[in-house]
Structure formats: structure tokens, C-alpha cells
Amino acid sequence: MPHATMKLIPGIDTNKTPALNEAAFSESQLIRFVPDRSGMGLVQKMGGWVDWATQGPISSTITDIHPWQNLVGDAALAVGAEESISVIDEVSRNENVITPQKTISNSPKSTYTVTITNATPAVVTATGSSYPPGTPIVFSTTGTLPSPLVAGTVYYVASTSPTPTANTFGIATSVGGTGIATTTAGSGVHTVTVPLASTTSGSSIVTIYDTGLGVQSVSFTNGSPTVVTAAVAPTLDTSVVFYGTSLPTGVTQGTTYYAQPLTATTFNISTTTFASGTLTLVNTTATGTGTVYTPNQLRAGFSVFIKTPISISNLIVSGVYSIQTYTSSLYFNVYTIDVGIVATSTTSISTIPEFTVSNGFSTITVTQINHPYQDGFTAAFLTSTTSAGVTIFGNYFTTYISSTQYQITASSAATSSTSFFMNLGSAQFTYYYNIPSAFAPLGYGGGGYGAGGYGAGIPIGYPTAPTITTTNWTINNFGEILTANVQNGEIYYWSPSSKTTTMFLLETAPTANTGHFIAMPSRQVVAYGSTVTGIQDPLLIRWSEVGDATVWQASANNQAGSFRLAEGSKIVGGIQASQQALIWTDLALWAMQYIGYPNVFGFNKLADGVGLLAQKAVGILGRAAYWMSPGGFNVLSEGGPQDMACPVWDQVYQNLNTSLDPNGYPYSDLIQCATNSIFDEVMWYYPSTNSTYNDSYVKYNTLTQAWDYGLLDRAAWCDQSVLGPPLGADNDGYIWQHEIGYDAGFSPMVSSFETGYMQLNDADNLIFIDQIWPDFKWQTTAQQSTSSATSATMYLTFYGADYPGDTPIQYGPYEMNSTTQYLSVRIRNRLLRISCSTADANDVALNGTFFRIGALRYRAQLDGKF
């Protein structure tokens with residue numbers, strides 16, 4: 001009987017029918033094609049992977065990983081997850097969580113009419129109001145205040161003498177002070193206001209009074225221990241203080257307790273901390289209500305973003321500042337910031353923007369003292385305010401009225417005539433808890449020489465706040481400094497030298513950005529989908545000064561700047577390529593080329609119709625950029641942007657989950673491009689139709705131009721780096737190092753492929769095959785040098801048919817290994833396709849195996865006509 005050879009054509013093709021895909025591959029799982037001398041390719045098992053971060057999985061879904069090293073060559077991996085960001089050291093593989101913390105406070109500016117009883121000390125009565133000790137207050141009057149009180153001066157509710165009650169209190173000159181004695185009765189009507197800020201003439205330092213941070217109404221459930229219910233439970237060991245006239249017996253007003261959270265809205269309280277190793281929970285025998293305060297939540301060095309502009313003296317206080325000093329208080333937070341402009345008066349009288357609307361009209365009059373707006377300027381309102389059927393949020397063009405008023409136009413008409421303040425009268429502050437290392441140095445001369453472990457010092461307790469949560473991170477490094485961007489949010493940084501316990505806010509950077517990257521050779525931080533006003537502009541690109549990530553305000557003395565793309569609806573992603581930076585909108589590709597001062601960067605649109613499907617659907621391999629657009633795969637090389645012929649287009653684009661997740665983003669946003677420079681491959685991991693995470697992949701070999709696909713869960717990826725071969729993170733939080741060994745992590749790897757039909761005879765003849773000779777490479781060179789290495793066991797199944805639409809006849813599976821000389825089969829058909837797998841019929845495979853297939857040979861003869 002004559003013999004023939006089955007030489008398989010490399011690459012998967014799912015666009016063709018199985019009959020049309022003759023002698024080629026139609027299905028695959030965890031295989032790759034490697035070049036042979038003919039320039040085509042041989043199919044082999046894909047490389048294995050091992051657990052890199054051996055401490056166990058990250059606790060939430062990973063969205064980005066980034067390897068880098070410090071100035072002395074210590075390497076680490078930054079891991080951005082939905083609920084954390086951490087750094088894993090290359091040597092110890094320990095996870096160091098550095099997640100930024102921030103919290104939002106709405107501080108009310110409340111005003112009440114009061115009476116003052118001349119006494120030693122004086123007693124202030126404010127009907128229906130209750131002020132805890134330390135509350136900052138300012139008096140104004142239509143008559144004369146009792147001496148020595150002065151209108152406009154900041155006083156504080158006295159802690160003692162007299163003891164505050166439900167509506168009476170004394171006045172002190174400092175937090176914690178005793179009441180001031182008055183010598184005259186005064187006259188007229190007086191009001192007391194809880195101020196927002198105060199200034200001193202000739203100083204740029206502004207004092208901020210936040211009476212909203214951590215203040216909540218609570219209820220108590222009696223029990224052993226008692227349960228406290230709030231809108232948001234404080235975090236573990238947060239110090240809390242209660243105030244009110246209806247506190248249950250066992251809870252003392254003004255005493256500091258420590259929160260022990262039970263659920264998102266309930267907590268126990270203890271007189272000791274959990275961290276101290278002891279826990280003394282408070283018990284009560286009655287129910288009650290009151291107010292909980294979480295005092296002393298701020299520290300010098302924290303950042304504050306003032307979103308509601310505060311007009312005071314000649315200033316408008318708005319934007320991001322660093323907290324200079326902080327005053328400790330049982331109930332409230334008082335701190336100073338440096339606004340950089342000197343105040344011209346000493347005052348505590350401040351205002352926030354007030355809106356006046358008329359029924360049936362969309363024109364809004366804004367009263368804002370010291371405003372800078374002329375006709376055609378843009379005013380940004382960063383907190384949403386709704387009243388009278390009008391919602392005010394975003395950027396608005398202005399029409400000048402006076403130095404204190406201007407007009408804007410809303411998107412809808414007012415349903416009544418009224419006036420209301422921005423954020424309904426409360427100042428809004430966002431605090432960023434820039435927490436340094438958990439240990440402070442001992443100070444010069446403190447302790448004996450060499451006392452304590454390396455880097456040891458005095459432990460310092462810091463407050464905690466909610467950690468950042470995000471659907472995506474973009475992570476880079478600016479030299480040794482790690483930078484990380486919350487999707488559509490702020491940019492943070494972390495130094496491996498200081499090893500702070502949280503990432504710090506990059507205060508001078510834009511506060512809302514789709515993503516960022518580091519541009520070379522100028523070493524500038526580039527943010528896209530950025531902002532100037534605080535309201536995100538999806539087509540705006542901004543960049544920092546050359547070599548200085550802290551300077552973003554353009555001037556004649558630096559190369560910071562911005563550029564807005566003229567087309568598209570949004571910038572989807574950006575990356576630094578080999579010769580230039582590349583920016584993708586949803587519609588087109590732009591080149592961003594460094595040209596130096598004064599324009600800094602030049603922008604050139606390279607092609608339309610090649611937009612980016614997802615932020616991380618692009619990768620750089622060699623000098624070429626590969627990406628996934630809404631309609632197909634593309635490459636940018638020396639010849640410009642080009643479409644890539646994709647024979648597995650059907651398998652990918654007809655099997656892609658484009659529905660929306662609970663946050664309103666399409667699941668296709670999860671797509672991750674994964675370059676593997678070891679094998680010249682580009683992969684895209686994507687969520688299949690019924691999956692909410694990346695469960696599938698498609699792979700392209702840039703040398704053989706062969707495609708394959710399969711199932712593999714990878715949420716984030718980085719190519720080979722200072723940490724070695726490529727790293728990939730899965731949806732369960734494990735980080736795997738690829739191209740190590742031959743197994744799929746903790747389990748044997750199941751690799752398989754299936755061909756299209758091969759036509760055994762062109763005429764109307766059936767072919768009978770009785771013998772097949774396997775041609776496999778069963779071990780790698782490394783395995784061959786190890787006597788204990790396992791040789792692969794393969795399972796071949798053949799499917800025969802006479803016509804393309806026939807239900808195929810299955811032959812096998814046949815088991816074979818390196819000792820198998822041939823397979824005895826009895827196949828009688830005209831069409832034949834082959835399925836090959838490392839797993840048996842029960843999907844069981846061996847550990848540590850490898851295979852590469854050559855040319856299968858078979859013995860056949862004519863066996864009748866049909």
C-alpha cells in the first residue's frame with residue numbers, strides 16, 4: 001500500500017468552513033506556532049506558568065501590573081486591583097499595600113439667632129441647636145455685643161464652665177478652653193455662624209474649619225456589647241466621640257472610644273483598640289440616639305481638594321492644597337493651607353456661590369465674590385447641585401454682570417423662582433490621606449547605636465479613611481518613582497526610597513484623567529482625557545514639565561502644556577512607542593512627537609477608522625504597535641497603520657461581550673493586549689459572550705503570521721522585564737510567570753488542536769487508511785537532559801466523512817507516546833480531519849509534558865467509489 005504525508009498548514013482559520021480549511025487548523029487550545037526553515041511554522045504546546053507572587057492571590061480583581069526598579073537596582077512589581085494597589089518585592093515576594101485613601105466631607109455653614117446672658121462666664125442660648133465643645137463660631141450683630149466679644153472673631157464653644165447643654169454653651173478663645181466672662185449685657189439681635197474659613201491680613205495662610213468630616217447621626221441598640229448604627233460605619237480602631245442628650249447609659253459624652261466595625265453600617269465600640277491586643281467592648285442596657293464624631297482624622301502633609309469655591313477677603317479658595325498645620329479637637333477638624341496669595345484683610349466672613357433662578361427660564365445668576373469671569377469665560381462647578389428643577393454641574397460659559405455676579409445658562413428651565421447655594425450651602429472637601437511610613441525615625445541621639453532592626457523607629461498611629469476603589473488603573477514609573485492613575489480620576493505617586501504606607505496625591509496634576517503614560521525622551525508625564533477646570537474633557541491631553549512631574553502649569557519658563565484633539569468623541573488610550581507617543585480615540589490614531597520648545601509636542605493624525613476598542617487593547621512588540629479596533633486588528637510599522645488579515649475574526653468579534661457592567665462600562669473594556677517578545681507573539685485576552693471577565697484569548701505570531709485562539713483567564717499582563725519572563729494575572733488574583741516549565745500553574749496543561757477536513761482523493765473514490773505514523777517531538781532539549789523528565793502522552797482522534805455536511809464518524813481516541821511506532825486504524829472515507837490533545841477522554845493530562853508535531857504519515861489505498 002502506498003504512503004502519503006499529512007503536512008499541516010500553520011495557523012488557525014475559523015472564517016472558513018471545515019471543508020474549505022483543508023490541511024489547516026480550525027480549533028486550538030494553548031498551542032503556538034514556531035517558525036521552521038520553510039518560514040511556515042510547526043505547532044507545539046504553549047509554555048507553562050508558575051505562581052510568581054507566592055504569598056497567595058491578591059484579594060480583588062487585578063486590572064494592571066507594572067514591573068520597575070529603583071535607583072540601586074531593586075526590582076518590584078506594582079499591582080493595581082479594583083480595591084487596592086500594592087508593590088511586591090522581587091526578593092521577598094511580600095505584598096506591600098500602598099492603596100491611596102481619601103474621604104469626602106460636606107461641611108455646613110450654619111447660622112442661628114442667639115441671646116447672650118451677661119455672666120461669669122457668659123451663656124449663649126441658641127434655641128433648638130446643640131453645639132459640642134470646640135465648635136468654631138463667629139458672632140455678627142445688629143446691635144452691640146457684650147464686652148469683650150468682637151464681631152467677626154473666631155471663638156469656640158467652651159468645654160467647661162458652663163457645660164454645654166442642648167441649646168446653651170459658653171465661649172472660649174481656643175479649642176478646649178473655658179468660658180469667657182462678659183462685663184456688659186450688649187444690645188440688639190445677635191447671630192452665630194459656624195465659619196468655613198478665616199484669613200489674616202498680610203498672610204497667604206488660610207484656616208479651614210470643617211465641621212462635617214465624620215459627623216453622623218447614630219442609634220444605639222442595647223446589648224452586650226451594644227451595637228451602633230450609622231450611615232457608614234467607621235473603619236477598624238478609628239477613634240470616635242459621641243455627643244447628645246439621648247445617649248444610653250454606659251456611653252459617656254466626650255469620651256474617646258474605638259470603632260470595631262460589624263457591617264458597612266454597624267459597629268461596636270471599645271475603650272481599647274483591637275491593635276493593642278486587648279478589646280474591652282462597651283455594654284448598655286438601653287437604646288439611645290446621638291451624634292458620632294470621628295475627630296483628628298487629618299494630619300499635616302495630607303492633601304485637600306476644595307471643590308466648592310470659598311470667597312473670603314480678596315481670595316477665592318478652590319483647588320488642591322497641602323495641609324500645613326492641624327489643630328487637634330474632639331469633634332471637628334481645623335487646619336491651615338497656603339493659598340499662595342496674600343489676604344488683604346483679617347476676616348472669617350466667607351461665602352460659597354449662590355444661584356438665583358426664575359421660573360420658566362434657564363438663565364442663572366451666580367453671586368460669587370472675587371470671581372474672575374468675563375464674557376465668554378468658562379466657570380466650572382465640580383459638585384452637583386439640584387434645586388427648582390435645575391441641576392448645575394460641569395463647565396458653563398459666563399456673561400459678566402459685576403465684580404460679584406455673572407450669569408450662566410442651564411440645560412433646562414427652572415420650575416420655580418428661588419435662590420440656593422452651591423452644594424446646598426455646604427462646602428465640599430475631598431481629603432487624601434498621604435500617610436508616611438509607619439515608623440518615624442528616633443531623632444538624633446535617640447536610642448543606642450544599632451538599636452532596633454534596620455529601618456526601625458518609633459511606631460506612629462495614623463487615621464484611616466476609605467481606600468480608593470476603581471474599575472481600572474494605569475501604572476507607570478517616572479524614573480524610580482511609581483505613578484498610578486485611577487481611571488477618570490487622580491494621579492498618585494510612590495517612592496521606593498521613602499516606602500510610605502499609601503501612595504501620595506500628585507497635587508499639581510490634573511484631578512480627572514482617563515489614563516497616563518511617561519513620554520520619552522523628554523521624560524514627561526502625559527495625561528489624556530484630562531482637565532483644566534476639574535471637569536473632565538475626553539479629548540484633552542496635558543503634560544508636565546520636562547523631567548519634573550510636579551509642574552503642570554504652562555509658562556514661558558517650562559515645557560508643560562496641553563493640546564485638544566479636534567476629532568472623535570473620546571481618547572481611549574495612549575502609549576509611548578519606539579519613536580513617538582501614540583494616542584487613540586474611538587475613531588482614529590494620532591502620533592504625538594516631541595519637538596521641543598515652544599510647542600513641545602506636535603500632533604499628526606495617522607489614520608481614520610482605526611480607533612482603539614479598549615484602553616489596554618494595544619501593545620508594543622519591537623518597533624511595531626499592535627491593537628484591537630472596534631472592527632478588527634491593526635498594526636503600525638514602518639509603512640504606517642495597516643489592517644491585519646485575521647482568519648479567526650469570527651471566533652473573536654462574534655464571541656465578544658460588549659454588554660454593560662454594573663458601572664455602565666462595556667465588558668469589552670477589559671480587553672488586555674499581551675506581548676511576548678520571547679516568541680514574537682501578540683495576544684489579546686477578552687471576555688467571551690457570556691463571561692464578565694477575560695476568559696478567552698487570540699494570538700498572533702509576527703514571524704509566521706499564524707493565528708490561534710483558546711481559553712485562558714488573564715486580567716493583566718507585562719512582557720519580559722527586570723523580573724524575567726512575562727507575567728500575567730488571572731481573575732482570581734494570582735500572578736503567574738509564563739514560559740516557565742510545562743504546566744498550567746498548579747495543574748497539568750491541556751493543549752489541543754483540531755484541523756479542517758483533508759480531501760483524501762480528488763476523484764469519486766473512497767480511501768482506506770489502516771496505519772498512521774506519528775511524527776512528534778516529545779521533549780524539549782532541557783527535558784532530554786533530565787533522566788526523570790516525563791514524556792508526553794498524546795491522544796489522536798480522527799473524524800471521517802464523505803461529504804462536508806455529513807455527521808462525521810469518530811475513530812479513536814488513540815493513545816500514543818514516544819515509543820509508539822504507528823497507530824493501527826481502519827478509516828474508510830473521503831474527508832478526514834484530526835483532533836490532537838494532551839488529555840484523555842476524561843480530560844486527564846500528565847504533568848511536565850511537551851510536544852511539537854511534524855508531518856504525520858499514513859498508509860492508504862483506494863477502496864471503492866461512492
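Just so you know, these numbers come straight off a predicted model, no measurement behind them.

About the thresholds
Residues numbered from 1 in each chain as written. Predicted model: local features only at pLDDT ≥ 70, side-chain atom pairs only at ≥ 80, totals over all residues. Heavy atoms only, no water. Core = buried A, V, L, I, M, F, W, Y, C linked by side-chain atoms within 4.5 Å. Buried < 20%, exposed > 50% of the residue type's maximum accessible area, 1.4 Å probe, protein only. Helix = DSSP H or I, 4+ residues; strand = E, 2+ residues; numbered from the N terminus. Contact = heavy atoms within 4.5 Å. Disulfide = S-S within 2.5 Å. Salt bridge = Lys/Arg side-chain N within 4 Å of Asp/Glu carboxyl O. Pairing = 2+ DSSP bridges. Axes fitted to C-alpha atoms, helices over the stretch in contact; angles between N-to-C directions.

Counting 71 residues, the largest nonpolar core has Phe633, Trp684, Ile769, Phe776, Leu796 and Phe798 as the members making the most contacts within it. Considering each element in turn, this core owes the most residues, five residues, to strand S54 (residues 624–628). When residues no more than four places from it in sequence are discounted, the contact partners of isoleucine 769 are Leu760, Val825, Arg826, Ile827, Leu832, Tyr858, Arg859 and Ala860. Ala197, Leu298, Phe429 and Tyr431 belong to the second-largest nonpolar core, a separate cluster that totals 27 residues.

Attention now moves to the state of the cysteines. Under the counting rule described, the total for this entry stands at zero disulfides. Free of any disulfide, cysteine 673 has its nearest cysteine sulfur in cysteine 718, 13 Å distant. Overall, the relative accessible area of 8% leaves cysteine 718 in the buried class.

Taken as a whole and assessed by the stated rule, the structure comprises 13 salt bridges. The residue glutamate 739 makes a salt bridge to arginine 32 at a minimum N-O spacing of 2.8 Å. A residue pair is termed long-range when its members are at least 10 positions apart, and glutamate 739 in the loop between strand S63 (735–738) and strand S64 (752–755) and arginine 32 in strand S4 (residues 31–34) qualify at 707 residues. Taken individually, glutamate 739 and arginine 32 each receive the classification buried, so the pair is uniform in this respect. One salt-bridge network, held together by shared partners, links Arg32, Glu681, Lys699, Asp708 and Glu739.

On to the sheet that holds strand S61 (residues 716–718). On the basis of which strands lie adjacent, the open sheet formed by four strands has the order S6-S63-S62-S61 and antiparallel pairing. Edge positions in the sheet fall to strand S6 (49–51) and S61, since each of these pairs with one other strand and no more. Strand-to-strand twist in this sheet, taken as the mean axis angle between neighbours without regard to direction, amounts to 25°. Pairing of S61 with strand S62 (residues 727–729), which is carried by three bridges, proceeds in the antiparallel orientation. Among the inter-strand pairings, alanine 716 is bridged to a residue of S62, identified as alanine 729.

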